Amino acid sequence: MFENLSERLGSVFERLTKQGALSDADVATALREVRVALLEADVSLPVARDFVAAVQAKATGQSVTKSVTPGQQVVKIVHDELIRVLAGDGPADALKIDNPPACVLMVGLQGSGKTTTTAKLAKRLHDKQGKRVLLASLDTNRPAAMEQLQILAAQVGVDSLPIVKGESATQIAKRAKAQATMGGYDVLFLDTAGRLHIDEALMAEVQAVRDIAQPRETLLVVDGLTGQDAVNVATEFDGKVGITGVVLTRMDGDGRGGAALSMRAVTGKPIRFVGMGEKMDALETFEPDRVAGRILGMGDIVALVEKAQENFEAEQAERMMKRFQKGLFNMNDLKSQLEQMLKMGGMQGLMGMLPGMGKMQKAAQDAGFDDKMLRRQIALINSMTKKERANPDLLAASRKKRIAAGSGLDVSDLNRLLKQHKQMADMMKKMGKGGMMKAAMKQMM
Ligand code: GDP
């Protein structure tokens, strides 16, 4: 489904990873090509722009680990960024179908694959989770569509609501709910009517059905081949009806894949499933990391960089641990601890992980520790000389003044830092002796 994009990116990165050293210009050129490739894949312009900007920022800020080339590192950054764009803030959860009968409202334009997807989902829940599923078509305009759903239901081995001529969509919805409750069904799928285009009548009908059905999930089915149009349709439906997720169909076709990449970023709604063909089992859950892997097709490099990063961090931690065990804890150690804390979500995150640090955590809170504070403290340490960092007792009053002023802070801030360092150094010594350090560091890693 992402063949073209995949090919384009492949050739960009093949060149990049072969080079030993990368200049800023190399990276800039590569990223320009990435941007063009994304746009050609019909990814929306703001999404493509943000994507490249995010990669650029990470690529420049990144410290290069020894065993991988800068090009390989850029591949990994692009890979992670793809996952971020595809997944948004969190994973797309499984369908919420507890509290039976749970209603799933299927919405979308005519021909998007709504009826097919309804049957595919029913089959999945029935076969894989042993759910009792009832399907009902609300497409009063198209008797053929109603019959189609009945045929598919029978084909996948689930029940469908008997068709009663002359009922309105809301009447059918009410009857379906009653039937689902009486019949002890786990899940009720309501396959709403589609139109060729979004129109007010369609939206009003879907809204009325939604109010009656009180669905746990409202899934929008859109044709993945329609690229940015699919994203626009999703935005419209979400604004008017409120959707909980998207199913992209026809992803087996030669679409350019842009809809998948823009959907989450533009609509904020997760892609939950992708349709991969006309057969009833041609439905896949949408897994951003797998999709990102497919787009880039550079799994080996991604794994290599991950491993190198792990090793690098483990080596660093090991070195630290050895120093701490000897009771060594100077200002440089404190600085790397502070930097680590910033990376791991601040003081509280880190302290919470260390056994016996509850008291320190409280002290840190009382002292008003936050990211800003951590950054200031790092700045203070940066203003010290090498000797002073190794042995802060050397700091005379005049030097303290200079250092504080140099970081735009008061001497009292510096004194607090020194006190903190002393407390931590004492604790390191104690823990080093008791062998607790090993346990503590293990927990941290
Ligand atoms: P509806 O009008 O939205 O209910 O659309 P249908 O479910 O009737 O689907 C329209 C056509 O698209 C049918 O011929 C389906 O077999 C086909 N279709 C649906 N999903 C997919 C898919 O993921 N891949 C392919 N290739 N065809 C699909």
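Residues numbered from 1 in each chain as written. Predicted model: local features only at pLDDT ≥ 70, side-chain atom pairs only at ≥ 80, totals over all residues.

Student: Is there a simple way to think about the overall build of the protein in this case?
Tutor: Each helix and strand in the protein was counted, giving 20 helices and eight strands. Taken across its 445 residues, the protein has 38% of its residues classed as buried. Considering only residue pairs separated by 6 or more positions, the protein has 76% of its internal contacts joining residues 24 or more positions apart. (Helix = DSSP H or I, 4+ residues; strand = E, 2+ residues; numbered from the N terminus. Buried ≥ 20, exposed ≤ 12 C-beta atoms within 10 Å, placed from the backbone. Contact = placed C-beta atoms within 7 Å.)

Student: For this particular structure, what's the right way to read the site of the ligand?
Tutor: Near the ligand lie 18 residues; those nearest to it are Gly113, Lys114, Thr115, Thr116 and Gly275. Looking at the shell around the ligand, the element that brings in the most residues is helix α5 (residues 114-129), giving three residues. Here the residues of the shell around the ligand sort into two nonpolar, 12 polar and four charged. (Near = placed C-beta within 6 Å. Nonpolar A, V, L, I, M, F, W, Y, C, P; charged D, E, K, R; others polar.)

Student: Help me out: how do you make sense of helix α1 (residues 3-18) in this one?
Tutor: Given 3.6 residues per helical turn, the α-helix brings residues three or four places apart onto the same face. Between its first and last C-alpha, α1 extends 22 Å over 16 residues, near the 22 Å set by a 1.5 Å rise per residue. For α1, every residue scored as buried is listed here: Leu5, Leu9, Val12, Phe13 and Leu16. Around the axis of α1, the buried residues are gathered within 90° of arc, so they sit on the same side. Facing away from the buried side of α1 by more than 90 degrees, the exposed set consists of Glu7, Ser11, Glu14 and Lys18. Looking at the buried residues of α1, the elements they touch are α2 (24-40), α4 (70-87) and α11 (288-296). (Expected span 1.5 Å × (residues − 1). Arc of directions from axis to C-beta.)

Student: How do you make sense of helix α8 (residues 200-213) when you look at a structure like this?
Tutor: The end-to-end C-alpha separation of α8 is 20 Å, in line with the 20 Å expected for 14 residues at 1.5 Å each. Every buried residue of α8 is listed here: Leu202, Glu205, Val206, Val209, Arg210 and Ala213. Each buried residue of α8 lies within a common arc of 135° when the element is viewed along its axis, so the set occupies one face. Of the exposed residues in α8, the ones pointing more than 90 degrees away from its buried face are Glu200, Ala201, Ala204, Gln207 and Asp211. The inward-facing, buried residues of α8 abut β1 (102-108), α7 (169-182), β4 (187-191) and β5 (217-223). Backbone geometry just after α8 places Gln214 at a positive phi near 45°.

Student: I tried to follow the nonpolar core on my own but got confused; where do I start?
Tutor: As a rule of thumb, soluble globular proteins bury nonpolar side chains together. The biggest cluster of nonpolar side chains holds 94 residues, and the ones touching the most others in it are Ala122, Leu188, Phe189, Leu190 and Leu248. Counting contributing residues per domain, this core is built from domain 1 (3-87 + 297-301) and domain 2 (102-285), each supplying no fewer than three. Membership of the second largest hydrophobic core comes to 15 residues, among which are Met331, Ile403, Leu414 and Leu417. (Core = buried A, V, L, I, M, F, W, Y, C linked by C-beta atoms within 7 Å. Domains from an automatic or database assignment.)

Student: Would you take a moment to explain the sheet that holds strand β3 (residues 159-160) for this structure?
Tutor: Each strand in a sheet pairs with another by means of backbone hydrogen bonds, the pair being arranged parallel or else antiparallel. Taking strand neighbours across the sheet as the criterion, the eight strands line up as β3-β2-β4-β1-β5-β6-β7-β8 in an open arrangement whose pairing is mixed. Of all the strands in the sheet, just β3 and β8 (283-285) have a single pairing partner and so form its edges. Bridge count between β1 and β4: five bridges; the pairing is parallel. Within the sheet, the bridge partner assigned to Cys103 lies in β4 and is Leu188. The sheet strands contacting α8 are β1, β4 and β5, and the helix crosses β1 at an angle near 170°. (Pairing = 2+ DSSP bridges. Axes fitted to C-alpha atoms, helices over the stretch in contact; angles between N-to-C directions.)

Student: Looking at this structure, I do not really get unusual backbone geometry. What am I missing?
Tutor: Residue Pro100 is joined to Pro101 through a cis peptide bond whose omega torsion reads -5°. The phi dihedral of Asp42 is positive, around 75°, even though this residue is not glycine. Residue placement: Asp42 occurs in the loop between α2 and α3 (45-61). Look at Gln214: it is not a glycine, yet its phi comes out positive at around 45°. Residue position: Gln214 is located in the loop between α8 and β5. Note on Gln214: 10 C-beta atoms within 10 Å, which makes it exposed.

Student: Please clarify how the packing of α1 against α2 should be interpreted in this entry.
Tutor: For any two helices packed against each other, the geometry is given by the interaxial angle and the distance between the axes. At their nearest, the axes of α1 and α2 sit 9 Å apart, and the two run at 175° to each other. Comparing the axis directions of α1 and α2 gives the class roughly antiparallel. Every residue of α2 that contacts α1 at Leu5, Arg8, Leu9, Val12 and Leu16 is listed here: Asp26, Ala30, Glu33, Val34 and Ala37. Across the contact of α1 with α2, the residue classes tally to seven nonpolar, no polar and three charged. (Parallel < 35°, antiparallel > 145°, perpendicular 65-115°, else oblique.)

Student: Explain the UniProt feature "domain: SRP54-type proteins GTP-binding" (unreviewed entry) in the protein to me, please; I cannot follow it from the model alone.
Tutor: UniProt feature "domain: SRP54-type proteins GTP-binding" (unreviewed entry): in the numbering of this structure it lies at residues 270-283. Between the C-alpha atoms that bound residues 270-283 there is a distance of 16 Å. The span itself is 0% helix and 43% strand. (UniProt positions renumbered as here; feature names shortened; annotations may be inferred.)

Student: Even after reading the chapter, I still don't get the pairing of β4, so can you show me in this structure?
Tutor: For a regular strand, the rule is simple: side chains alternate between the two faces of the sheet. Of all the five residues making up β4, five are buried; the element is thus mostly covered by neighbouring parts of the structure. Neither face of β4 is exposed, since Val187, Phe189 and Asp191 on one face and Leu188 and Leu190 on the opposite face are all buried. As defined by bridge partners, strand β2 (residues 133-137) adjoins β4 across five bridges and the pair is classed as parallel. Considered in β4, the bridge of Leu134 is made with Leu188.

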